[in-house]
Amino acid sequence: PHLAALVLARGGSKGIPLKNIKLLAGVPLIGWVLRAAIDAGVFHSIWVSTDHDEIEKVAKQFGAQVHRRSPEVSQDSSTSLEAIREFLNNHHEVDIVGNIQATSPCLHPSDLIKVADLIQKEGFDSVFSVVRRHQFRWSEVKKGENKMTEPQNLNPAKRYRRQDWPGELYENGSFYFAKRHLIEKGYLQGGKMAYYEMRAEHSVDIDIDIDWPIAEQRVLSFGYFGKEPLKEVKLLVCSIDGCLTNGRIYVTEDHKEMVSYDYRDIVGIDLLKKRGIQVRLISDRDCSKTLSAMQLGCVAKVSATNKLQILKDWQEDMGLSWKEVAYLGNEESDVECLKQAGMSGVPADACAAAQKAAGYICKSRGGCGAVREFAEHIFLLLEKVNSARKQ
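Predicted model only: the values in this text are computed from it and were never measured. (Residues numbered from 1 in each chain as written. Predicted model: local features only at pLDDT ≥ 70, side-chain atom pairs only at ≥ 80, totals over all residues. Heavy atoms only, no water.)

J.: It is not clear to me how the pairing of strand 7 (residues 126-133) should be interpreted in this structure. Could you clarify?
T.: Consecutive side chains along a regular strand alternate between the two faces of the sheet. In terms of residue burial, strand 7 counts as a mostly covered element, since 6 of its 8 residues are buried. Of the pairings in the sheet, the one linking strand 7 to strand 8 (residues 168-179) comprises 7 bridges and is antiparallel in character. The residue of strand 8 that forms the bridge with arginine 133 is glutamate 168. Where strand 7 lies against strand 9 (residues 193-198), 6 bridges are found, and the strand directions are parallel. Residue pairing in the sheet places phenylalanine 128 in a bridge with tyrosine 195 of strand 9. (Buried < 20%, exposed > 50% of the residue type's maximum accessible area, 1.4 Å probe, protein only. Helix = DSSP H or I, 4+ residues; strand = E, 2+ residues; numbered from the N terminus. Pairing = 2+ DSSP bridges.)

See below:
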């Protein structure tokens with residue numbers, strides 16, 4: 001049976017405009033679940049259903065196909081079921097839909113693999129995700145009503161200790177898998193049903209965790225970053241023009257060149273060095289005089305005609321694996337380096353090809369704090385590496 005992953009990503013959002021592609025920990029929100037779906041390797045096709053050009057662009061960058069939904073199912077009042085049924089009406093090859101929520105960025109491929117087995121090998125018609133919660137519920141008393149609240153799932157005289165109570169299962173909204181015949185009848189849950197219990201730390205819902213910085217910390221701690229485990233970064237290679245500087249060159253009347261940089265980026269380089277991370281610089285053009293004036297004390301290669309070969313030479317000379325190399329670039333000449341490095345980033349104003357190849361997109365522009373921001377991102381991921389080692 002053809003199993004399709006389907007992410008619904010409407011352009012309109014009452015809470016956060018274009019929330020589905022807003023950067024979360026340097027990755028568009030929808031990118032987290034698309035990465036998990038692709039790496040799971042269980043889907044015959046992976047789709048994003050959207051009505052917005054920018055969301056379509058991001059979806060394709062992450063390797064998904066796009067279904068342009070009609071205006072009829074793109075309203076505030078439109079339901080997920082209506083959008084899924086429209087998708088099936090246009091894709092008769094699909095037998096099973098795995099509806100994955102774009103707002104669940106801590107989804108892991110291992111969860112999707114197990115759910116695919118439940119519905120394909122064990123014969124369930126629908127499977128949905130749940131999380132276990134240990135929360136006591138009380139009845140609501142509306143204002144003006146002359147009555148007392150009542151306990152819903154506890155005896156106040158004999159309150160459970162957490163370790164003595166298994167808790168209750170709640171839908172967490174991460175995904176809903178269902179076979180075609182159920183959806184055509186108007187159901188996402190029905191027939192032979194099963195739930196799949198996700199770990200609590202992976203049950204992050206941006207619709208609820210609306211505080212973006214808190215959600216970013218959760219994703220950095222518990223999100224899925226790729227098939228290979230993260231390693232400690234030992235080398236950062238940074239493109240000079242457009243990353244360390246803003247890419248602008250000022251020419252004086254006596255034909256001397258001047259560039260500007262942000263002191264925060266110099267601090268970021270110093271912090272990286274103090275953490276034992278080497279920083280090396282690279283440029284397409286000859287900017288040796290500029291580097292001499294900046295006095296950064298970094299190994300640099302200018303007039304680089306083949307950045308990837310230089311990066312490989314440095315990696316081999318230092319005896320590093322690619323997972324130990326980070327790269328910050330912004331132009332098409334940086335794309336292959338961004339793809340090769342274990343950790344990659346670009347400033348907010350990098351070219352489209354570089355953004356597509358990068359794992360992290362800074363909020364800051366080149367020459368305006370992007371190096372410092374990428375350094376902070378590296379430090380956060382190193383905390384994740386160290387935490388994994390302790391476990």
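So much for the structure itself; the text now carries on.
J.: Even after reading the chapter, I still don't get the packing of helix 1 (residues 29-40) against helix 4 (residues 109-120), so can you show me in this structure?
T.: Axes are the key here: two packed helices are described by the angle between their axes and the distance separating the axes. At a minimum axis distance of 8 Å, the contact between helix 1 and helix 4 shows a crossing angle of 55°. The angle between the axes of helix 1 and helix 4 places the two elements in the oblique class. When you trace helix 1 past helix 4, the crossing you get is right-handed. Judged by residue contacts, Ala36, Ala37, Asp39 and Ala40 of helix 1 engage Pro109, Leu112 and Ile113 from helix 4. (Axes fitted to C-alpha atoms, helices over the stretch in contact; angles between N-to-C directions. Parallel < 35°, antiparallel > 145°, perpendicular 65-115°, else oblique. Left-handed = near helix turned anticlockwise from the far one by under 90°. Contact = heavy atoms within 4.5 Å.)

J.: In this structure, what is going on with the sheet that holds strand 13 (residues 278-282)? I would like to understand it.
T.: In sheet architecture, strand pairing relies on hydrogen bonds along the backbone and comes in two forms, parallel and antiparallel. If you walk across this open sheet you meet the 6 strands as 14-13-10-15-16-17, and the pairing is parallel. At either margin of the open sheet sits one strand with a lone partner, and together these are strand 14 (299-301) and strand 17 (360-361).

J.: How should I be thinking about helix 8 (residues 263-274) in this particular structure?
T.: With 12 residues, helix 8 extends 17 Å from end C-alpha to end C-alpha; this agrees with the ideal 16 Å at 1.5 Å per step. All of the buried residues along helix 8 are Asp265, Ile266, Gly268, Ile269 and Leu272. One face of helix 8 carries all of its buried residues, which in axial projection span an arc of 155°. Facing away from the buried side of helix 8 by more than 90 degrees, the exposed set consists of Tyr263 and Lys274. Count one or two residues on from helix 8 and you reach glycine 276, which has phi positive near 85°. (Expected span 1.5 Å × (residues − 1). Arc of directions from axis to C-beta.)

J.: Which parts of the structure should I look at to understand the state of the cysteines?
T.: A covalent bond between the sulfur atoms of two cysteines is what we call a disulfide. Across all of its chains, the model carries 0 disulfides by this definition. Its sulfur unpaired, cysteine 351 is 10 Å from the next cysteine sulfur, which belongs to cysteine 243. On the basis of relative accessible area, cysteine 351 is assigned to the buried category, the value being 19%. (Disulfide = S-S within 2.5 Å.)

J.: Help me understand the nonpolar core, please; the structure alone is not making it clear to me.
T.: Side chains that are nonpolar tend, in soluble globular proteins, to be buried together. Leu244, Leu281, Phe374 and Ile378 are the most contacted members of the largest nonpolar core, which totals 43 residues. With 8 residues, helix 13 (residues 370-390) is the single largest residue contributor to this core. Setting aside its immediate chain neighbours within four residues, phenylalanine 374 contacts Leu236, Ala326, Tyr327, Leu328, Met343, Ser344, Gly345, Tyr360 and Cys362. Residues Ala36, Val58, Phe124 and Phe177 belong to the second largest nonpolar core, which totals 37 residues. (Core = buried A, V, L, I, M, F, W, Y, C linked by side-chain atoms within 4.5 Å.)

Remember that the coordinates give geometry; whether it matters functionally is a separate question.
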